[in-house]
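Summary of structural features
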Amino acid sequence: MGWERRGRWWWLVGMMLSVTGICVGCPEEQRESLVVSRIAFGSCASQSDPQPIWNAIINFDPHVFIWLGDNIYGDVRRPFKLFGKERTIGPWKNVPRFIPSSEKEMKSRYNKAKSNPGYSHIRKNAKVIGTWDDHDYGLNDAGKEFDRKSTNQRLLLDFLDEPPDSPRRKQDGVYASYTFGPMGRQVKVILLDTRYHRDPLFSDGSILGSLQWTWLKKELNGPSTLITIIGSSIQVISNLSATTGPLFYLESWGHFPKERDRLFRLIADSKRDGVFFISGDVHFGEITRYDCASGYPLYDITSSGLTQAVEEAVSSPLHFFVRFVAWLTPAPLRVMNRNCRYRSCTFGQPNFGAIEIHWDATPVMMRIEIRDMIGFPVMGVNVSLSELQAKNVSPFATTEYGRHCSLEVTLPWIVRYRLAVSFYSMLAALLVTLVGLSYAAILAYRKWLHKSKCD
Ligand SMILES: *[C@@H]1O[C@H](CO)[C@@H](O)[C@H](O)[C@H]1NC(C)=O
Ligand SMILES: *[C@@H]1O[C@H](CO)[C@@H](O)[C@H](O)[C@H]1NC(C)=O
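Just so it is clear, the model here is predicted, and its values are computed rather than measured.

Things to note about the overall build of the chain
Each helix and strand in the chain was counted, giving 13 helices and 14 strands. Within the chain, counting contacts between residues at least 6 apart in sequence, those at least 24 apart form 69% of the total.

Here's the deal with the site of ligand 1
N239, S241, A242, G245, G254, P257, R260, L407 and V409 make up every residue found near ligand 1. Split into classes, the residues belonging to the shell around ligand 1 amount to 4 nonpolar, 4 polar and 1 charged.

Regarding unusual backbone geometry
In the segment running from G245 into P246, the intervening peptide bond is cis, with an omega of 0°. Assignment of secondary structure puts P246 in the loop between α9 (241-244) and α10 (257-270). Cis rather than trans, the peptide bond between T362 and P363 has omega equal to -10°. Its location among the elements puts P363 in the loop between β12 (351-358) and β13 (365-372). Phi is positive for D61, close to 60°, though the residue is something other than glycine.

Things to note about the sheet that holds strand β1 (residues 38-42)
Here we have 6 strands laid out as an open sheet, ordered β5-β2-β1-β12-β13-β14, and mixed in their pairing. On the outer flanks of this sheet lie β5 (127-131) and β14 (377-384), each paired with one strand and no other. The sheet shows a mean angle of 20° between the axes of neighbouring strands, direction not considered. Pairing analysis gives 4 bridges linking β1 to β12, with the strands arranged antiparallel. The residue bridging A40 from the neighbouring strand is A354, located in β12. Where helix α3 (residues 53-60) meets the sheet, it contacts β1, β12 and β13, and its direction lies at approximately 5° from that of β12.

Section: the packing of helix α8 (residues 210-221) against α10
Running from N to C, α8 and α10 cross one another at 30°; their axes reach a closest spacing of 9 Å. By the angle between their axes, α8 is roughly parallel relative to α10. Considering how the two elements wind past one another, α8 and α10 form a crossing that is right-handed. Contact residues: L216, K217, L220 and N221 in α8; L266, I267 and S270 in α10.

Concerning the sheet that holds strand β10 (residues 286-290)
What the 6 strands build is an open sheet, ordered β6-β7-β8-β9-β11-β10; its pairing is mixed. Every interior strand has two partners, whereas the edge strands, β6 (176-180) and β10, have only one. The sheet shows a mean angle of 20° between the axes of neighbouring strands, direction not considered. Here 5 bridges tie β10 to strand β11 (residues 298-302), and the two strands are oriented antiparallel to one another. Pairing of E286 across the sheet is with T302, part of β11.

Some words on the pairing of β13
Pairing between β12 and β13: 8 bridges, direction antiparallel. Bridged to N351 within β13 is D372. In this structure, the hairpin formed by β12 and β13 is closed by a connection of 6 residues. Where β13 meets β14, 7 bridges bridge the pair, whose relative direction is antiparallel. Looking across to β14, one finds that M365 is bridged to S384. Here β13 hands over to β14 after 4 residues, with G375 in that stretch at a positive phi of 90°.

A short note on the confidence of the model for the chain
Residues with a pLDDT of 70 or more make up 89% of the chain, whose mean pLDDT is 89. Segment residues 1-33: pLDDT under 50, and 23 contacts once partners within four positions in sequence are set aside and those in other chains are kept.

Definitions and limits used
- Residues numbered from 1 in each chain as written.
- Chains lettered and ligands numbered in written order.
- Predicted model: local features only at pLDDT ≥ 70, side-chain atom pairs only at ≥ 80, totals over all residues.
- Helix = DSSP H or I, 4+ residues; strand = E, 2+ residues; numbered from the N terminus.
- Contact = placed C-beta atoms within 7 Å.
- Near = placed C-beta within 6 Å.
- Nonpolar A, V, L, I, M, F, W, Y, C, P; charged D, E, K, R; others polar.
- Pairing = 2+ DSSP bridges.
- Axes fitted to C-alpha atoms, helices over the stretch in contact; angles between N-to-C directions.
- Parallel < 35°, antiparallel > 145°, perpendicular 65-115°, else oblique.
- Left-handed = near helix turned anticlockwise from the far one by under 90°.
- pLDDT = per-residue confidence, 0-100.

If you want it as structure tokens, here you go:
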């Protein structure tokens with residue numbers, strides 16, 4: 001029996017039976033079909049835009065689909081306005097650029113997203129799980145101070161078809177964990193809530209809050225699974241702000257260095273094998289890896305967005321400009337190939353993440369890809385589970401990726417601030433040109449005045 005034709009009920013019963021190792025009277029191939037070998041994930045889907053990418057995800061035919069946040073855009077964005085009654089930018093700005101919408105409006109946006117035919121198809125044929133990021137939490141860049149968080153938690157859980165009696169509806173925040181597949185082929189998915197308890201940006205405070213930390217520790221130290229995927233709405237490994245500042249900053253775990261160290265230490269101390277991260281938020285796809293945290297390489301596969309992507313934000317003649325800006329932001333932890341450390345190998349068009357697990361290979365292999373709107377893989381890595389073993393304290397410096405230990409903040413000054421330096425140089429050049437032109441104009445005018453006087 002195919003995955004498609006079994007209802008959720010069967011799926012649950014089958015999972016419970018297989019977890020306990022009992023499969024009385026159930027044919028071997030039925031147990032086999034419970035194995036999760038294809039997982040898709042994505043983030044940043046505007047409900048008011050067409051979402052053609054679902055067709056590519058349907059073709060991938062995932063067993064599980066994971067939402068990583070900005071599953072809808074719930075808040076209201078005011079246009080950039082320098083002048084007028086309501087000014088949203090500049091030092092004289094008098095109203096916030098983003099405002100939360102009413103519960104009714106949030107609901108109607110969720111309904112719109114849920115009724116998308118492509119997504120409906122996925123809901124019917126795959127197990128859909130998810131967490132949130134800022135725009136579905138209710139407000140751009142918001143954290144624990146946001147006062148509509150408990151109402152919006154209910155709305156997200158409704159969207160995800162969380163049962164009415166689920167403990168997830170009683171806790172503060174939407175974090176959750178799932179274990180899929182039969183014994184010996186288990187995949188654990190841990191979804192973090194990076195919003196509900198998050199201290200203010202630039203505070204270097206907490207992202208998860210103490211209750212979620214206790215929960216996470218328990219989850220990581222619980223029964224082992226061959227694979228453990230940690231879903232975080234914001235990026236864990238890449239610290240883009242280090243190379244885009246002081247021009248602009250992006251949210252990430254890197255922004256909360258103490259909290260990030262705590263996460264890495266927790267994973268290392270748990271001695272859990274097969275852990276890697278998936279993330280969203282930034283409106284481009286990227287694969288990064290950090291070798292010096294947990295005793296084995298930690299991958300972070302970022303897919304963003306399903307509709308909202310940096311190159312889509314501007315008209316096509318300007319795509320080259322976006323690529324140029326991206327090219328100027330180096331990241332020593334990008335692993336696409338060696339050249340990507342000093343230039344960008346990010347993917348700025350709509351994309352989704354695709355994880356394929358080859359359970360029959362020895363050792364078990366994973367192929368993890370970022371795929372574009374038509375399902376074409378634009379970047380990917382092969383990860384062997386033998387590589388993600390806590391006991392292998394490998395001598396990193398000698399591996400091919402030994403350099404995936406140097407952080408963005410340790411890049412040479414001129415490389416790290418290339419974007420800012422280019423921006424200010426361009427600005428300066430523009431200014432000098434303007435001054436030069438004005439000077440020439442004045443000279444010409446004087447000459448003309450002089451000439452007409454003499455005439
Ligand atoms: C990430 O970059 C920010 C901004 O430059 C910096 O303050 C922070 O320490 C960095 N975090 C890490 C873990 O390198
Ligand atoms: C990665 O794995 C795929 C099979 O999933 C294989 O076709 C491909 O050649 C592998 N690539 C590398 C670089 O090993």
